[in-house]
Structure formats: C-alpha cells, structure tokens
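Commentary on secondary and tertiary structure
In case you want the letters, here they are:
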Amino acid sequence: MNELHRRAVVADLHNDLLCAVVARPVDQWAEFFRERWLPQLRAGGVNVQALPVFVEDQFRPEGALRRTLRMIEAAHRLAEGNADAVALCGDGDQIDRALAEGRIALVLALESAPGVGEDVELLETLFRLGVRIASLAHFGRTSLADGSGEDATGGRLTRAGVAALAEMERLGMVFDVSHLGAAGVRHVLESATRPVIATHSGARALFDHHRNLDDEQLRGIAAGGGVVCVNFFAPYLHTGDYSIDRLVDHFEHIAAVAGIEHVGLGPDFIKEVLADTTPPCCERAFVEGVPADAYLPGLTGPAGLPLVTEALQRRGWPEADIVAVLGENVRRLLRTELGRTAPAG
C-alpha cells in the first residue's frame, strides 16, 4: 500500500455494502461481512465507513420502514459479530476511540427516507438506533423532497421536509444533499444552521448531469462548513474517458471552488453490490441516462482506494491536501456534528 495512504485517515462516505449483506440469510450477515468486505476495507486502508441504508423500489412504499429497520439491524449484527475489527459509532468520541483501537468506525446513513415519510418524529427513533446521516430523496419524488432526477419540477423541500431538516439539526444528524434536486439543495442551504454534507457527488461544471453539483451549490456547502465527497461512478464524471485522471479533475475543480478543506471521498462502489443483489434477468444497461456497467479501472471496490492517493501525488498535490481529502475533512465534520445536540435518555 502507498505509504502516505497507509498513514492517512481514510473516510469513505458511501458504500452500499449493506445491500449485499442483507441479501444473505440473517445468520450469515456478520460472517459474510468478515469474509467479503472486511478484507477489501483493510486493503483500501479505510478507517471510517459510512453505511447507507438504501431501500430498493420493490420495498416502497409499504415495506419501506420494515426494510429500513432490517438494514439497520444488519449493521448492528455485523458490527457485534466483528467487534475486534469494526465499531458502530454515534459521535466523534466513539469514532476517535475506534480509530485509536485500530478498528474501522462505521456510521449509519439513510439514503432517502422512504421509511419515514411525513412521520418526521421517526427520525428520532432512527437516531436512537444509530443513524447519524440522512438524505430526503433519491432519484424520484418523496413526501419530503424531490430528487435530482426531478429537477424540472423546481421542487423545494415540502413542509414535512423542512420539519425533517430542523429535527435532524436538533438531534445531531448530518443532512446529506446528494441526490437532492437543485431547488431542494438551494432550500437547504438557505435554511440550514449547521454544516451539511454531500456524501457522493461530482462537479456539474465538468460533467452536466443532474447527479452533480454546480459551483454555486459547492460554494454554499463550503460556506456552511460542509464537505463535498466525490463520487467515483465513471459515467457521472465524463463521457467515455473513464480514467482516474477524470476523477482527479473533479477533486481539483471542487477544491478550487469550495476550498481544499471541504472535499472528501464518496466512492459509491456498486459493481460488486449490483452483482450480489440483481438477478441476471433484470440487469439494467442504463441508470439515469448513463451506462450502468462502466467503472474506473482499478476502482470498482475499496481495495483500489490507494490508487486515488497515487493519482493525486502524480498531479503534484501537497501531502497535507491529500491527507485532508482522504479523510481528515470528513473526520472533522463528524467529530463536531454527530450527536452534538442529542436528546438525553
């Protein structure tokens, strides 16, 4: 492993591995994580791993809450079954303690919140269960907000979405703007009193896709003290040139616009997850207008993360900037924001 990468704190803010875990029988969850994912995380030098709780279309709306709870239970069981290697963390002190003990700090994150709907009080329930990051929409429309695929509607947060933002700030749950529609992002940046995060987004100035953030949004996130974690999904980075250099272009653009202290990693490694969870009959050739099966060479899973450090070094990035982007920026945000105003009891 690259020496600088080995010494750095590496924080990955988006890996859908929980989807692969819950596809296994319950009694295999912890073992499957240990055998399939833990070696990859170790090989990639990952120290902090956000675990998205994503509810697939077939569970919405009726089964969304049950699916959400099942995925949260899977996170707890894989953490308990691998307590020598990982720890499910709810605040900055717990993250620091896990890292000091040589364990990977896991942080639960809702990707959209179909299990909540307009019942915003359930955010406190999910907070009690360990959720510390949350977004309100995916590609489509929810009762809280419109996703980026619905940009043409100009939809902002609904009344329930505004209440959800306030509740998250009260609890100490970080608001995630990735996947949120453009008008919704503006609404959040106008309303938020605490830093927000984009867990897996790119620069729209470099590739004009609704999943990416424009420069105004990047500056707004930075102005509030937030962090933009760069998505590695190749078709959101460029048309056809699926190389690590195009990924570095996004890092450099976001750093130039938002400031180096507001950039992080949000790989969204989905190749293995899709292979584990999608029957051959139902494979999709395209997702939101881009190829679904195009990936950056060597960056299809966490084991490839040292390649990012090497690419940034080739571009001449200072060591301090690389360390900041690999994980220190995210670690700073999580240390100060997670559970900051958590209720007693």
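Heads up: these notes are all about the structure in this document. Model, not experiment: these values are computed from the prediction. (Residues numbered from 1 in each chain as written. Predicted model: local features only at pLDDT ≥ 70, side-chain atom pairs only at ≥ 80, totals over all residues. Heavy atoms only, no water.)

Considerations on the pairing of strand 4 (residues 104-111)
Note the threshold: The classification of residues rests on relative accessible area computed with a 1.4 Å probe and restricted to protein chains. Under 20% of the type maximum is buried, over 50% is exposed, and intermediate values are partly exposed. In this text, helices come from DSSP runs of H or I with a minimum length of four residues, and strands from runs of E with a minimum of two, each type numbered from the N-terminal end. Between any two strands, at least two bridges found by DSSP are needed for them to pair.
The element strand 4 is extensively covered by neighbouring structure, given that eight of its eight residues are classed as buried. Here strand 4 shows a buried face lined by Ile104, Leu106, Leu108 and Leu110 and a second buried face lined by Ala105, Val107, Ala109 and Glu111. As paired elements, strand 2 (residues 46-54) and strand 4 share seven bridges and run parallel to each other. Considered in strand 4, the bridge of Val48 is made with Ala105.

Notes on the packing of aromatic side chains
Given two aromatic rings, their pairing is described by the distance between the two centres and the angle made by the two planes. Formally: Only Phe, Tyr and Trp rings are paired, with Trp represented by its six-membered ring, and only when their centres lie within 6.5 Å; those with planes under 30 degrees apart are stacked, over 60 edge-to-face, the remainder tilted. Charge-over-ring placement is defined geometrically: NZ (Lys) or CZ (Arg) within 6 Å of the ring centre, and within 35 degrees of the ring normal.
Inspection of every chain in the model, using the stated rule, returns four aromatic pairs. With 6.3 Å between their ring centres and 75° between their planes, Phe232 and Phe251 make a pair best called edge-to-face. Remark: Phe251 occurs in helix 10 (residues 244-258) and Phe232 occurs in the loop between strand 8 (227-230) and helix 10; sequence separation between them is 19 residues. A residue is classified by how much of its surface remains accessible, and Phe251, at 0% relative accessible area, is buried. Between the aromatic rings of Phe233 and Tyr236, the centroid separation amounts to 4.9 Å while the plane-to-plane angle is 80°, which identifies the pairing as edge-to-face. Of the residues examined, Tyr236 reaches a relative accessible area of 4% and is grouped as buried. One aromatic cluster is present, formed by Phe232, Phe251 and Phe269 through successive ring pairs. The ring of Phe127 carries Arg132 above its face, with NZ or CZ at 3.6 Å from the centroid.

Things to note about the pattern of salt bridges
So the rule is basically this: Counted as salt bridges are all cases of a side-chain nitrogen of Lys or Arg within 4 Å of a carboxyl oxygen of Asp or Glu.
Inspection of the entire model under this criterion finds 25 salt bridges. Put simply, Asp96 and Arg335 hold a salt bridge, and the shortest N to O gap is 3.2 Å. Placement of Asp96 in helix 5 (residues 92-100) and of Arg335 in helix 13 (residues 319-337) is noted, with a sequence separation of 239 residues between them. What makes Asp96 partly exposed here is its relative accessible area of 23%. Overall, the relative accessible area of 37% leaves Arg335 in the partly exposed class. With a closest N to O distance of 2.8 Å, Glu337 and Arg194 form a salt bridge. Of this pair, Glu337 sits in helix 13 while Arg194 sits in the loop between helix 8 (182-191) and strand 7 (197-201), and the two are 143 residues apart along the sequence. Judged by relative accessible area, Arg194 falls into the buried class, the value being 9%. Salt bridges sharing common partners tie together Asp241, Asp245, Arg246, Asp249, Glu252 and Arg315.

Let's talk about the side chain of His210
As a reminder of what qualifies: Each polar contact in these results corresponds to two N or O atoms within 3.5 Å; when the atoms are within protein, one needs to be able to donate a hydrogen and the other to accept it, and residues that are neighboring in sequence are counted only if both atoms are side-chain atoms. Contacts: residue pairs with any heavy atoms within 4.5 Å of one another.
Structurally, His210 can be placed in the loop between strand 7 and helix 9 (215-223). The exposure class assigned to His210 is buried, which follows from its relative accessible area of 18%. A distance of 2.7 Å separates polar atoms of two side chains, one belonging to His210 and the other to Ser148. In this structure the side chain of His210 is engaged in a polar contact, spanning 2.7 Å, whose partner is the side chain of Glu288. Sequence-distant contacts of His210, that is, excluding residues within four places in its chain, are made with Phe139, Ser148, Gly149, Asp151, Arg204 and Glu288.

Looking at empty space enclosed by the protein
Put simply, the test is: Lining residues are defined by having an atom within 4 Å of a point belonging to a cavity or pocket. Those points lie on a 1 Å grid over the protein atoms alone, cavities being sets where a 1.4 Å probe fits but cannot get out and pockets being open sets with protein on both sides within 12 Å along at least five of seven lines. Grid points are joined across faces, edges and corners, and a volume is the space filled by probe spheres set on the points. When residues are sorted by character, Ala, Val, Leu, Ile, Met, Phe, Trp, Tyr, Cys and Pro go into the nonpolar class, Asp, Glu, Lys and Arg into the charged class, and all the rest, Gly among them, into the polar class.
With the rule as written, the count across this model stands at three cavities of 30 Å³ or more. Each pocket or cavity is described by its volume, and for the largest cavity that value is around 70 Å³. What lines the largest cavity is a set of 16 residues, among which Ser148, Leu180, His210, Asn212 and Leu213 lie closest to the centre. Classifying every residue of the lining of the largest cavity by side-chain character gives five nonpolar, eight polar and three charged. Approximately 60 Å³ is the volume attributed to the second largest cavity. A per-element tally of the lining of the second largest cavity places helix 7 (residues 159-171) first, with three residues. Looking at the lining of the second largest cavity residue by residue, the class counts come to six nonpolar, no polar and three charged.

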